[in-house]
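Summary of the model geometry
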Amino acid sequence: IPGVGPRTKEVLTLLGVKTAGDVLLLPHQVLEHRLGKMGEVILKRAQGLDDSKVEPYNAPKSEGREHTLDQDTKDK
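Now for a look at the structure at hand.

**With respect to the packing of helix α1 (residues 6–14) against helix α3 (residues 28–35)**
- At their nearest, the axes of α1 and α3 sit 11 Å apart, and the two run at 135° to each other. When the axis of α1 is compared with that of α3, the two are oblique. For the pair α1 and α3, the sense of crossing is right-handed. When α1 is examined against α3, the residues T8, V11, L12 and L14 are found in contact with a partner set consisting of L31, R34 and L35.
- A breakdown of the residues in the contact of α1 with α3 according to their chemical character gives 5 nonpolar, 1 polar and 1 charged.

The following block contains the structure:
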């Protein structure tokens, strides 16, 4: 889940959470009590709800060139 860093992961682990599905099994009050506003954010993201802007990936910095042969060869 985006936004879950090491400290949040530690809290979620103590709550028995291993997957996004596990988040959905917890009462939202527990998440909010243990994680504050971030608890609500994590719950919504586990539900697939996230209205944050999608940022495109950066352009590739390099381009590889390869030629695939029909048969394997040891000839360099």
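**Some points on the pattern of salt bridges**
- One pass over the full model with this rule turns up 2 salt bridges.
- Of the charged contacts, one joins K44 and E40 as a salt bridge, the two residues approaching to 3.4 Å between their closest N and O atoms. Note that K44 and E40 are positioned in helix α4 (residues 37–46) at a spacing of 4 residues, about one turn of the helix.
- With a relative accessible area of 39%, K44 lands in the partly exposed category.
- Linking R45 and D50 is a salt bridge whose minimum nitrogen-to-oxygen distance equals 3.6 Å.

**Section: the nonpolar core**
- Within the largest apolar cluster, 10 residues are counted, these being V11, L12, V17, V23, L26, L31, L35, I42, L43 and A46.
- Broken down by secondary-structure element, the contributors of at least two residues to this core are α1, α3 and α4.
- Of the residues forming this core, the biggest block, 3 residues, is contributed by α4.
- Residues within four places of V11 in sequence aside, it is in contact with R34 and L35.

Procedures and definitions
The residue numbering used here restarts from 1 in each chain and proceeds along that chain's sequence as written. In keeping with the predicted nature of the model, local features appear solely for residues at pLDDT of at least 70, side-chain atom pairs appear and are counted solely at 80 or more, and the whole-chain, interface and lining totals rest on all residues. Side-chain figures throughout are based on the complete set of non-hydrogen atoms in the structure, without hydrogens or water. Axis definition: a line fit to C-alpha positions, over the contact stretch in the case of helices; interaxial angles, taken between N-to-C directions, run 0 to 180 degrees. Numbering of helices and strands runs from the N terminus; a helix is a DSSP stretch of H or I covering at least four residues, while a strand is a stretch of E covering at least two. We call two directions roughly parallel when the angle between them is under 35 degrees, roughly antiparallel when it is over 145, roughly perpendicular when it lies between 65 and 115, and oblique otherwise. Two helices crossing with the near one rotated counterclockwise from the far one by less than a right angle form a left-handed crossing, whereas a clockwise rotation gives a right-handed crossing. In this analysis, two residues are considered to be in contact whenever any of their non-hydrogen atoms come within 4.5 Å of each other. Classes in brief: Ala, Val, Leu, Ile, Met, Phe, Trp, Tyr, Cys and Pro nonpolar; Asp, Glu, Lys and Arg charged; the others, Gly included, polar. The term salt bridge refers to a pairing of a side-chain nitrogen on Lys or Arg with a carboxyl oxygen on Asp or Glu at a separation within 4 Å. Each residue is assigned to one of three classes by its accessible area relative to the maximum for its type, calculated with a 1.4 Å probe on protein chains only: buried under 20%, partly exposed between the two thresholds, exposed over 50%. Residues belong to one nonpolar core when they are buried, are Ala, Val, Leu, Ile, Met, Phe, Trp, Tyr or Cys, and are joined through side-chain atoms within 4.5 Å.

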